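As a plain string of letters, each chain reads:
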Amino acid sequence: MNERQVDLAHTVALGSIDDVDHHEVQELLDTEDPALRAAFIREIGQTREALAALTSATATPPPATLRTRLLAAIAAE
């Protein structure tokens with residue numbers, strides 16, 4: 001895969017794809033080259049796994065007062 005294809009796989013994994021990129025992604029998925037298609041799909045999967053691991057590693061619980069503040073804000077409306 002070239003750098004642009006890797007970037008597209010990351011964009012798909014992040015869920016931030018636009019119409020222009022969507023067309024390129026569809027071309028990659030429809031390609032006659034099964035190795036390229038498999039590499040692209042594998043890159044998306046690996047990126048999603050890395051993002052999930054990062055999310056788990058950096059997750060922090062919300063402050064104890066958050067629920068109270070949210071309920072007060074909702075009641076104020």
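Check the entry above for the structure.
Let us look at the structure shown here. Small disclaimer: the values here were computed from a predicted structure and weren't measured.

### Observations regarding the nonpolar core
Reasoning step 1: Counting nine residues, the largest nonpolar core consists of L8, A9, V12, A13, V25, L28, L36, F40 and I44.
Reasoning step 2: Elements supplying a minimum of two residues to this core: α1 (3–14), α2 (19–29) and α3 (34–58).
Reasoning step 3: Per-element tally for this core: the top contributor is α1, with four residues.
Reasoning step 4: Once residues within four sequence positions are removed from consideration, F40 is found in contact with M1, Q5, L8, A9, V12, V25, L28 and L29.

### So, the packing of α2 against α3
Reasoning step 1: Packing of α2 against α3 leaves a shortest axis separation of 8 Å and a crossing angle of 125°. Relative to α3, α2 is oriented oblique. Within the contact between the two elements, α2 uses V25, L28 and L29 and α3 uses L36, R37, F40 and I41.
Reasoning step 2: In terms of residue class, the contact of α2 with α3 is built from six nonpolar, no polar and one charged.

Definitions and cut-offs
- Residues numbered from 1 in each chain as written.
- Predicted model: local features only at pLDDT ≥ 70, side-chain atom pairs only at ≥ 80, totals over all residues.
- Heavy atoms only, no water.
- Core = buried A, V, L, I, M, F, W, Y, C linked by side-chain atoms within 4.5 Å.
- Buried < 20%, exposed > 50% of the residue type's maximum accessible area, 1.4 Å probe, protein only.
- Helix = DSSP H or I, 4+ residues; strand = E, 2+ residues; numbered from the N terminus.
- Contact = heavy atoms within 4.5 Å.
- Axes fitted to C-alpha atoms, helices over the stretch in contact; angles between N-to-C directions.
- Parallel < 35°, antiparallel > 145°, perpendicular 65-115°, else oblique.
- Nonpolar A, V, L, I, M, F, W, Y, C, P; charged D, E, K, R; others polar.

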